[in-house]
Amino acid sequence: MHDVTFIIKAFERQEALDRCVQSVQEIFPGYPIVVADDSFEELTVPEGVEYLRLPYDSGLSVGRNALIDHATTDLVFLLDEDTVILEGADLDGMIYHLDSRGLDILAGEDVSNLAWHGLLVKPKSGDRITHLYGRKHKDGTCDFVLNFFLARRKALQRVRWDERLKMTTYRILLVIT
């Protein structure tokens, strides 16, 4: 078994959380799971799943930072509560690619065929950064990814989510590698 904790930020969606946790337990049995919840009413988790109760509506960034601070494993697998891991997910392969390429983060694949990854490009004129969804660098890396990734916990602790932002995606995380 690898040194990985599955971390899940939850807010107000008990049924989605139930599906997510069940999928992790079925596909990767025995791995630790931690849920951070800032719902109005506490969500429930199965026995054996750690539960972090956060102040109501404290936000995605606060929750994710709490999760990475709470985890003690070298690696964390970040999921949103509406994510379901499918049979055939290859944690061994993800860890191999993370290690062999010297990466700090490796995103999972979204089977919905939506492009939740891409590049950030600064145009020659102006300040605004453009998102090019579905694009990758020549080496296969990208600048932002889906909220479904395996990462080195210490790398996430160095960068952290901006807690002033309650709802955001971590679009520039790959830059830290």
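Residues numbered from 1 in each chain as written. Predicted model: local features only at pLDDT ≥ 70, side-chain atom pairs only at ≥ 80, totals over all residues. Heavy atoms only, no water.

Undergrad: Outline the environment of Gly30, supporting the account with residue identities and numerical values.
TA: Take Gly30: it is sitting in the loop between α1 (14-27) and β2 (33-37). The exposure class of Gly30 is exposed, given its relative accessible area of 63%. (Helix = DSSP H or I, 4+ residues; strand = E, 2+ residues; numbered from the N terminus. Buried < 20%, exposed > 50% of the residue type's maximum accessible area, 1.4 Å probe, protein only.)

Undergrad: Break down the sheet that holds β2 for me, with residues and values.
TA: Read across the sheet, six strands follow the order β3-β2-β1-β4-β8-β5 without closing on themselves; strand pairing throughout is mixed. With partners counted over all chains shown, the strands left at the sheet margins are β3 (50-53) and β5 (105-107), one partner each. Each strand of the sheet is rotated relative to its neighbour by a mean of 20 degrees, with strand direction disregarded. As paired elements, β2 and β3 share four bridges and run parallel to each other. Residue pairing for β3: Val35 is matched across the bridge by Tyr51. (Pairing = 2+ DSSP bridges. Axes fitted to C-alpha atoms, helices over the stretch in contact; angles between N-to-C directions.)

Undergrad: Lay out the packing of aromatic side chains in plain terms, naming residues and giving numbers.
TA: The tally for this structure, following the rule as stated, stands at six aromatic pairs. Ring centres 5.4 Å apart and planes at 20 degrees place the aromatic pair Phe6 and Phe28 in the stacked group. Of this pair, Phe6 sits in strand β1 (residues 4-10) while Phe28 sits in the loop between α1 and β2, and the two are 22 residues apart along the sequence. Judged by its relative accessible area of 0%, Phe6 falls in the buried class. Ring pairs connect the aromatic residues Phe6, Phe28, Tyr31 and Phe77, which therefore count as one cluster. (Phe/Tyr/Trp six-rings, centres within 6.5 Å; stacked < 30°, edge-to-face > 60°.)

Undergrad: Please give an account of the nonpolar core that cites residues and values.
TA: In globular proteins that are soluble, nonpolar side chains generally tend to be buried together. Among the nonpolar cores identified, the biggest contains 26 residues, and Phe6, Phe77, Leu79 and Leu150 are the most heavily contacted of them. For this core, the secondary structure elements donating two or more residues are β1, α1, β2, β4 (75-80), α3 (91-100) and β8 (148-152). Other than its neighbours up to four places away in sequence, Phe77 contacts Val4, Thr5, Phe6, Ile7, Leu91, Met94, Phe148, Phe149 and Leu150. With 15 residues, the next largest nonpolar core counts Ala36, Leu67, Leu78 and Ala151 among its residues. (Core = buried A, V, L, I, M, F, W, Y, C linked by side-chain atoms within 4.5 Å. Contact = heavy atoms within 4.5 Å.)

Undergrad: Quick rundown of the side chain of Ser58? Include the residues and the values.
TA: Relative to the helices and strands, Ser58 is located in the loop between β3 and α2 (60-70). Residue classification places Ser58 among the buried residues on the basis of a relative accessible area of 16%. Apart from the residues lying within four places of it in its own chain, the contact partners of Ser58 are Asp38 and Lys166.

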